[in-house]
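Residue strings, one per chain:
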Amino acid sequence: MADFSSMEYGYNSDNVDTYLAAIKDTALQNAKSAILATNGIKTVCDDNWEGKAKENFKSNLDKDAQHIADQLDSLFNILNDEINSVQAAMANKDESLISAD
Amino acid sequence: MAISMSSASVDDSLRQELMGKSVDSGFASSGVSPNTKGIINKELTGASFAGISTDFEANITKAIDDYISDVNAKLDELESTASPSDAFKGSTVEKALSTFVESVKNVAKAYVTDLQNAENQIIASVHTAYYTQDTDLSTNLNSDSQSINES
């Protein structure tokens, strides 16, 4: 079997799956965790601010952070679809390149 | 000559004047209108303790900026986590995929920047609101002080 790493052109489905999993489970997850980690800001709020307005700000901050985290999910879905589209196009081309008699 | 009672009398006109004066509900009856009259008899709402520190804006803005830096650092790891060239071969398509991934990252960072700007705007506005309140209330109080003094 040919070694994919030495190919000039082509795709490898297993590697595509591994690539997308790495993006989703590592890069995306780490970024989302960082976005949702608002405790540092809330602690500084507690040290410098008192009142109902502070509590509402903290609550809204968490909602805002979740909104941004949701956008990262949407962006990953776009990336996922694009990568899979490239793979599908290459697979279809491979299938139709030579017809069997 | 018969003795008759002297017509001497005591002048207590100032006492009479005093007893005729009264403070109406804490304000001189000459007509001081407290600027906060509309809310005086209302039940106190809100927290029993509210305020901001001297370094409120600087400290919270820094906390927000540090948080954003952490998020951006994680987003920058997107390209180093894995490369499309692990899954696809072809110099042009590899470059195009890398560009696409970078574009996705840049959109994510734009959202994060929007979050930073939104939160910092609120904090700056809170600081301004407290400053404005301080000025407004002191204007009201000074006006009432003058009215009381003139009553």
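Please refer to the structure higher up on the page.
All values reported here derive from a predicted model rather than from experimental measurement.

(A) Geometry of the overall build of chain B. Broken down by element type, chain B carries five helices and four strands. The buried share among the 151 residues of chain B stands at 23%. Roughly 10600 Å² of accessible area belongs to chain B as shown, and the carbon and sulfur atoms make up 52% of that amount.

(B) Broad picture of the side chain of Lys89 of chain B. As for its position among the elements, Lys89 of chain B is in strand β4 (residues 88-89). Although Lys89 of chain B is buried, it forms no salt bridge, and the closest oppositely charged side chain is Glu94 of chain B at an N-O distance of 5.2 Å. In this structure the side chain of Lys89 of chain B is engaged in a polar contact, spanning 3.2 Å, whose partner is the backbone oxygen of Ser85 of chain B. When near neighbours in sequence (up to four residues on either side) are disregarded, Lys89 of chain B contacts Phe4, Ser5, Met7, Glu8, Tyr9, Gly10 and Met90 of chain A together with Glu94 of chain B.

(C) Looking closely at the interface of chain A and chain B. Each partner contributes residues to the interface: chain A has 45 residues there, and chain B has 44 residues. Buried area between chain A and chain B, both sides added, is near 3500 Å², and the carbon and sulfur share of it is 77%. Counting across the interface, chain A meets chain B through zero salt bridges. Applying the counting rule to chain A against chain B returns eight residue pairs in polar contact (both at pLDDT 80 or more). Elements represented by at least two residues in the side of chain A that touches chain B include exactly β1 (10-11), α1 (13-36), α2 (39-48), β2 (49-50) and α3 (52-97) of chain A. Across the side of chain A that touches chain B, the residue classes tally to 28 nonpolar, 12 polar and five charged. Here β1 of chain A runs beside β4 of chain B; their pairing, made up of two bridges, is antiparallel. Each residue of the ladder has a partner; that of Tyr11 of chain A, found in β4 of chain B, is Phe88 of chain B.

(D) Here's a closer look at the pattern of salt bridges. All names here are of chain A. According to the stated counting rule, one finds 11 salt bridges over all chains in the structure shown. We note a salt bridge from Asp46 to Lys58, for which the minimum N-O separation is 2.8 Å. Note that Asp46 is positioned in helix α2 and Lys58 in helix α3, a separation of 12 residues in sequence. Here Lys58 falls in the buried class, since its relative accessible area comes to 14%. Of the charged contacts, one joins Glu55 and Lys54 as a salt bridge, the two residues approaching to 3.4 Å between their closest N and O atoms. Three or more residues joined by partner-sharing salt bridges are found here, namely Asp46, Glu50, Lys54, Glu55 and Lys58.

(E) Representation of the nonpolar core within the structure. Among the nonpolar cores identified, the biggest contains 44 residues, and Tyr19, Ile35, Ile41, Trp49, Leu72 and Ile83 of chain A together with Tyr67 of chain B are the most heavily contacted of them. Among the elements of the structure, α1, α2 and α3 of chain A together with α3 (56-76) and α5 (91-150) of chain B are those that each provide at least two residues to this core. Once you skip the residues sitting within four places of it in the chain, Tyr19 of chain A turns out to touch Ile83 of chain A together with Ala82, Ser83, Pro84, Ala87 and Val101 of chain B.

(F) Representation of the side chain of Lys42 of chain A in the model. Residue and element names in this part refer to chain A. Inspection of the secondary structure puts Lys42 in helix α2. Lys42 sits in the buried class, given a relative accessible area of 16%. Discounting residues that sit within four places of it in the chain, Lys42 has contacts with Lys58, Leu61 and Asp62.

(G) Summary view of the packing of α1 of chain A against α3 of chain A. Residues and elements named next belong to chain A. Viewed as axis vectors pointing N to C, α1 and α3 meet at an angle of 170°, and their least axial separation amounts to 10 Å. In terms of axis orientation, α1 runs roughly antiparallel to α3. Where α1 abuts α3, its residues Ser13, Val16, Tyr19, Leu20, Ile23, Lys24, Leu28, Ala31, Lys32, Ile35 and Leu36 lie against Ala65, Gln66, Ile68, Ala69, Leu72, Asp73, Phe76, Leu79, Asn80, Ile83, Asn84 and Gln87. A per-class count over the contact of α1 with α3 returns 15 nonpolar, five polar and three charged.

Reading the values: the criteria
Throughout this description, residue numbers start from 1 for each chain and increase along the sequence as written. For this description, chains carry letters from A and ligands carry numbers from 1, given in the order in which they are written. Given that this is a predicted model, residues contribute local features only at a pLDDT of at least 70 and side-chain atom pairs are listed and counted only at 80 or more, while totals for whole chains, interfaces and linings are drawn from all residues. Hydrogens are left out, water is left out, and the side-chain values use all remaining heavy atoms of the structure. For helices the rule is a DSSP run of H or I covering at least 4 residues; for strands it is a run of E covering at least 2, with both sets numbered from the N terminus onward. In this scheme, a residue with accessible area under 20% of its type's maximum is buried, one over 50% is exposed, and one in between is partly exposed, where area comes from a 1.4 Å probe on protein chains only. To be clear on the numbers: accessible area is Shrake-Rupley with a 1.4 Å probe, and residue cover counts the displayed protein chains and nothing else. We treat Lys and Arg as the positive residues and Asp and Glu as the negative residues; His and chain ends play no part in the count. Salt bridges are identified by distance alone: a Lys or Arg side-chain nitrogen within 4 Å of an Asp or Glu carboxyl oxygen. Whenever two N or O atoms come within 3.5 Å, that pair is a polar contact, provided that in protein one can donate a hydrogen and the other can accept it, and provided that, for residues adjacent in sequence, both atoms are side-chain atoms. Should any heavy atoms of two residues lie within 4.5 Å, those residues are counted as being in contact. When two parts are put together, the accessible area they lose, computed with a 1.4 Å probe and summed over both, is reported as buried area. Three classes are used, and their members are as follows: Ala, Val, Leu, Ile, Met, Phe, Trp, Tyr, Cys and Pro are nonpolar, Asp, Glu, Lys and Arg are charged, and the others, Gly among them, are polar. Only strands that DSSP links by at least two bridges are regarded as paired with each other. Working definition of a nonpolar core: buried Ala, Val, Leu, Ile, Met, Phe, Trp, Tyr and Cys residues. They are joined through side-chain atoms within 4.5 Å. Note on definitions: angles span 0 to 180 degrees between N-to-C directions of axes, and those axes are lines fitted to C-alpha atoms, for helices only across the stretch in contact. For this classification, under 35 degrees means roughly parallel, over 145 means roughly antiparallel, 65 to 115 means roughly perpendicular, and everything else is oblique.

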